[in-house]
Amino acid sequence: MNTYNNNTKQAEEALKQAEAKMNKRYRLGYHIMAPANWINDPNGLIQFKGEYHAFYQHHPYDENWGPMHWGHVKSKDLVHWEHCPIALAPGDACDLDGCFSGSAVDNNGELTLIYTGHHYIDQPNNIFFQNQNVAVSTDGIHFTKLRQNPVIAEPPTDSSQHFRDPKVWKHEDTWYMILGNSTKEDLPRVILYTSPDLRTWTYHGVLLQGDKNMGFMWECPDFFELNGKHIFMFSPQGIDAQGDKYNNLFQTGYYVGEYNYNSNEYQHGEFIELDTGHDFYAVQTFLDDQGRRIALGWMDMWESDMPTKADGWCGAMTIPRLITLGDNNKVLMTPVEEMKLLRQSKHVLYQYGAISGSYFKEVEADLLEVKIVFDLTKSSADLVGLRFRGTGREETVITYSIPEQKLMLNCSKSGKKTDGVRQTALNAEGRLTLHVYLDRSSIEMFANEGQATMTSRIYPSEKLLGIEIITEGGEALVNGLTYWKLKDIWQAE
Ligand code: FRU
């Protein structure tokens, strides 16, 4: 057997065929997707030699999850993306059954991917082992797996089989790696390794361990400094729903705290969900050349309905989001500035004035950015909001309850997939700004500059277009509603 073939050519061929057969009705216009077939987590986010690269978990042979490859896109400006050849294909001795999630670093001009090799022992019963591997590239496009792979062959002895999703960064002269892991007793934890050269790794023990309330496994850990604090972001599996919180199958959230590199001690606050929509998972962040911390999430959720499978594709990334730290140690996400490059035409739908009941305007476009400001200090309404993609039988509705201080995204009538309601607490302090990105099959909402974000996939009928301002129980003062038609970055392809 040729041990390190990284056979991506065959996968490229399969993708071309799948692409030709695809039904494009729900294809997104300005989000990262594969040319066809399945994708999940964002991987290896990095700015390398000036260009932004994003990789993703990908099954190029099928619209369902399967042996994981790394798909690849790059961009000069974070919003116009182009597909690159598949970067990693599984099937080598180090990654026989999958190249699972991981990260990327720039090692003196060598783009280095660090990823998990997945190996089934008994596939029907989901018994497996996982190891950590490295692949390198100088052109940022073609990758060679290291001959010495795996660079970490097995987890610590007190570990369960879960041992994956390396996130690597440099601190002073040392490379640090954290991994999602759990104990033999299924307690979730993240463990730490260090290396002088990305090849030889030394185990340093547990960075953080959770109790049963924090689930059984922490996927896709990320750890970074922001405003002097250390943020630990992760995707825990197995947290029970509590009222409005944790209503998806799995969650994505963070701790804010202080980390001591010498003692490997991390003191942190409470777990906070990062996005409270239906479809946000496996977020990864990176630091760009301007010093911005930028995040992409997988804009889907395990085991939810994914109607585009019938169309020959499945899965997408969120728009790129700037991560900042707000008051009270809250992590805020807002669209990166570059999203403005997608604006095609600006339309003031409503200038200024009180609305009672509803105000509807036909908008002949399905790729939209919408911004509305409600002045709640001058509103007698109990409820204000926006309705998109229909009224009645089909609709997607955002509402804010002023007395309850609750923001709601209602997708119970969002077309093909109906996924109920998600709610989150928000103290709007007299002024509610909703900044919404609508694509053919997604909605991303940023409220009050990232104080709350909600992201969901929707699958409305093509002809249901338009924007409606809604109020209940009185009048609401609208201090402007502007929308922009956005560019379809994939149309030229
Ligand atoms: C998270 C995850 C990762 C894993 C990958 C497999 O969604 O389960 O833990 O590496 O997906 O595709």
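Every value quoted in this text rests on a predicted model; they were computed, and no experiment measured them.

### Here we look at the UniProt feature "domain: Glycosyl hydrolase family 32 N-terminal" (unreviewed entry) in the protein
Phase 1 of the analysis: What UniProt calls "domain: Glycosyl hydrolase family 32 N-terminal" (unreviewed entry) maps, in this numbering, to residues 31-334.
Phase 2 of the analysis: Helix makes up 0% of residues 31-334 and strand 55%, and the two end C-alpha atoms of the span are 16 Å apart.

### A closer look at the sheet that holds strand E10 (residues 174-183)
Phase 1 of the analysis: Taken together, the four strands give an open sheet; going across it, the order is E9-E10-E11-E12, and neighbouring strands pair in antiparallel fashion. A strand with exactly one partner marks an edge of an open sheet, and here the two such strands are strand E9 (159-171) and strand E12 (202-209). With direction set aside, neighbouring strand axes in the sheet form an average angle of 25°.
Phase 2 of the analysis: Here eight bridges tie E10 to strand E11 (residues 188-195), and the two strands are oriented antiparallel to one another. Note that in E11 the partner of Gly180 across the bridge is Val190.

### What to know about the site of the ligand
Phase 1 of the analysis: Close to the ligand lie Asn40, Asp41, Gln57, Trp65, Met68, Phe100, Ser101, Arg164, Asp165, Glu219, Tyr281 and Trp302, which account for all nearby residues.
Phase 2 of the analysis: A distance of 3.0 Å separates an oxygen atom of the ligand from a polar atom in the side chain of Trp65.
Phase 3 of the analysis: Separating an oxygen atom of the ligand from a side-chain N or O atom of Glu219 is a distance of 2.6 Å.
Phase 4 of the analysis: For the ligand, the protein covers 95% of the area, taking 320 Å² as the surface of the free molecule.
Phase 5 of the analysis: Where the shell around the ligand is concerned, the elements lending two or more residues are strand E1 (37-48), strand E5 (99-107) and E9.
Phase 6 of the analysis: Within the shell around the ligand, the residues separate by chemical class into five nonpolar, three polar and four charged.

### Describing the state of the cysteines
Phase 1 of the analysis: Going through the model one piece at a time under the given rule, you end up with zero disulfides.
Phase 2 of the analysis: Cysteine Cys220 shares no disulfide, and the gap to the nearest cysteine sulfur, in Cys99, comes to 15 Å.
Phase 3 of the analysis: For Cys220, a relative accessible area of 9% gives the class buried.
Phase 4 of the analysis: Sulfur of Cys314: no disulfide; nearest cysteine sulfur belongs to Cys411 and is 16 Å away.

Thresholds, definitions, all that
- Residues numbered from 1 in each chain as written.
- Predicted model: local features only at pLDDT ≥ 70, side-chain atom pairs only at ≥ 80, totals over all residues.
- Heavy atoms only, no water.
- UniProt positions renumbered as here; feature names shortened; annotations may be inferred.
- Helix = DSSP H or I, 4+ residues; strand = E, 2+ residues; numbered from the N terminus.
- Pairing = 2+ DSSP bridges.
- Axes fitted to C-alpha atoms, helices over the stretch in contact; angles between N-to-C directions.
- Near = heavy atom within 4 Å.
- Polar contact = N/O pair within 3.5 Å; in protein donor to acceptor, adjacent residues only side chain to side chain.
- Areas by Shrake-Rupley, 256 points an atom, 1.4 Å probe, with all protein chains shown as cover.
- Nonpolar A, V, L, I, M, F, W, Y, C, P; charged D, E, K, R; others polar.
- Disulfide = S-S within 2.5 Å.
- Buried < 20%, exposed > 50% of the residue type's maximum accessible area, 1.4 Å probe, protein only.

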